[in-house]
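Topology and contacts: notes
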Amino acid sequence: MTSTTERTATRAEYCVIACAEAWRDAGEILASPMGTVPAVAARLAKLTFSPDLLLTDGEALLIGDVPAVGAASAVTEGWLPYRRHLTMVMGGRRHVMMGASQIDRFGNQNISCIGDWERPKRQLLGVRGAPVNTLNNPVSYWIPRHSTRVFVAKVDMISGVGHDSAAAAGPSATRFHDLRRVVSDLGVFDFATPDHAMRLASLHPGVTVDQVREATGFELYLPDDVPVTREPTAEELRLIRDVVDPNGLRDREVRA
């Protein structure tokens, strides 16, 4: 990639690229992005390397176009009420990218409460659909603020099921358990290790391994040579800036 792209791509745009890669060559499955950067990323994937990806209007319609984030769709492709959405979840025909208030080294996610369940310090969303998501269809995570408050040694409550928890529950939990990647504002992480513990897969440009270590509350697997998150192409930058997110909403979610 040219030096011009290297100078002009923002941290938010690298995050978009990293999230979009979660849906590369996904085929005809439903993308469920939660957060602005994942929403931009799913649209980018649809417009480039995953043309069969299914998108929704965020409510009950499958859309046939790719509107900008925050804009209304002009093409309705199908009806997807909640009950049908759940059927797709149970059948594994969806790849959701969720957020996490806490996540640990084996991919257990917490969006329910901070502190002890009997007397929590803070009440959050509740487990919502996280257990079913993680046991039935591919799951990735997007975390816009990488810190030791989020990347913790042990989550206070398990909402999304991690590798160790699924293994402890047995074959019924592991059969379709598929954690793909974690993307933060510092880098990309996966679970491609012998014990399925979190590994640093790539650093976003300008980020160091020491920065990631200092912001993580557990020991990460580190490859001998940590790659850098790939550069966006000139066409991908054009689509991000002019088509998918012309209002720059991505930059509100990720600090430069």
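Now for a quick tour of the structure.

Looking now at the overall build of the protein chain. Summing up its helical and strand segments, the protein chain has 10 helices and 13 strands in all. Against the 2.2 N^0.38 benchmark of 18 Å for 256 residues, the protein chain shows a C-alpha radius of gyration of 18 Å, consistent with a compact globule. If one aligns the C-alpha atoms of the protein chain with their principal axes, the spans along those axes are about 45 × 45 × 35 Å. Taken over 256 residues, the protein chain has a buried fraction of 50%. A separation of at least 24 residues holds for 67% of the contacts in the protein chain among residues at least 6 apart in sequence. Surface summary for the protein chain: the accessible area is close to 12,300 Å², and the carbon and sulfur share equals 51%. Of the charged side chains in the protein chain, 28 are positive and 31 negative, and the gap between their average positions amounts to 4 Å.

Right, let's talk about unusual backbone geometry for a bit. With a phi close to 50 degrees, R128 is a non-glycine residue in the positive phi region. Summarising the element assignment, R128 is placed in the loop between β9 (122–123) and α5 (130–136). Overall, the relative accessible area of 61% leaves R128 in the exposed class. Phi is positive for H196, which is not a glycine, with a value near 60 degrees. Here H196 lies in the loop between β12 (187–190) and β13 (199–203). Look at H196 and you get partly exposed, because its relative accessible area is 39%.

Our focus in this paragraph is the packing of helix α2 (residues 11–20) against helix α3 (residues 36–47). Look at α2 against α3: their axes get within 8 Å of each other, and the N-to-C directions meet at 60 degrees. When the interaxial angle is binned, α2 and α3 end up oblique. Every pair of crossing elements has a handedness; the one defined by α2 and α3 is right-handed. Residues C15, V16, I17, C19 and A20 of α2 lie in contact with α3, whose contacting residues are V37, V40, A41, L44 and A45. Each residue belonging to the contact of α2 with α3 can be placed in one class, and the counts come to 10 nonpolar, no polar and no charged.

For the rest of this paragraph, the subject is the environment of G27. Within the fold, G27 resides in the loop between α2 and β1 (30–33). For G27, a relative accessible area of 26% gives the class partly exposed. For G27, the residues in contact, after removing those within four places along its chain, are D52 and L53.

Judged by nonpolar contacts, the single largest core of 33 residues is most densely connected at W23 and W142. Broken down by secondary-structure element, the contributors of at least two residues to this core are α2, α3 and α9 (234–244). Discounting chain neighbours no more than four positions away, the residues touching W23 are A31, S32, P33, P38, A41, A42, A45, F49, S50, L53, H95 and M97. Membership of the second largest hydrophobic core comes to 25 residues, among which are A100, A130, L179 and M198.

What follows concerns the sheet that holds β13. What the six strands build is an open sheet, ordered β1-β5-β10-β11-β12-β13; its pairing is mixed. Each of the sheet's edge strands pairs with one partner strand only, and the pair in question is β1 and β13. Ignoring which end each strand starts from, the neighbouring axes of this sheet average 20 degrees apart. With respect to the sheet, α3 is in contact with β1, β5 (94–98) and β10 (139–143), its orientation differing from that of β1 by roughly 155 degrees.

Attention now moves to the pattern of salt bridges. Under the counting rule described, the total for this entry stands at 10 salt bridges. The partner of E13 in a salt bridge is R250, and the shortest N-O contact between them spans 3.1 Å. Here R250 lies in helix α10 (residues 250–253) and E13 lies in helix α2, a separation of 237 residues in the sequence. By relative accessible area, E13 is classed as buried at 1%. According to the relative accessible area criterion, R250 is buried, its value standing at 5%. Of the charged contacts in the structure, one is a salt bridge between R230 and E21, with a shortest N-O distance of 2.6 Å. With R230 in the loop between α8 (209–214) and α9 and E21 in the loop between α2 and β1, the pair connects residues that are 209 residues apart, well separated along the chain.

The rules behind each value
Residues numbered from 1 in each chain as written. Predicted model: local features only at pLDDT ≥ 70, side-chain atom pairs only at ≥ 80, totals over all residues. Heavy atoms only, no water. Helix = DSSP H or I, 4+ residues; strand = E, 2+ residues; numbered from the N terminus. Rg over C-alpha atoms; globule rule 2.2 N^0.38 Å. Buried < 20%, exposed > 50% of the residue type's maximum accessible area, 1.4 Å probe, protein only. Contact = heavy atoms within 4.5 Å. Areas by Shrake-Rupley, 256 points an atom, 1.4 Å probe, with all protein chains shown as cover. Lys, Arg positive; Asp, Glu negative; His and termini not counted. Charge placed at Lys NZ, Arg CZ, Asp CG, Glu CD. Axes fitted to C-alpha atoms, helices over the stretch in contact; angles between N-to-C directions. Parallel < 35°, antiparallel > 145°, perpendicular 65-115°, else oblique. Left-handed = near helix turned anticlockwise from the far one by under 90°. Nonpolar A, V, L, I, M, F, W, Y, C, P; charged D, E, K, R; others polar. Core = buried A, V, L, I, M, F, W, Y, C linked by side-chain atoms within 4.5 Å. Pairing = 2+ DSSP bridges. Salt bridge = Lys/Arg side-chain N within 4 Å of Asp/Glu carboxyl O.

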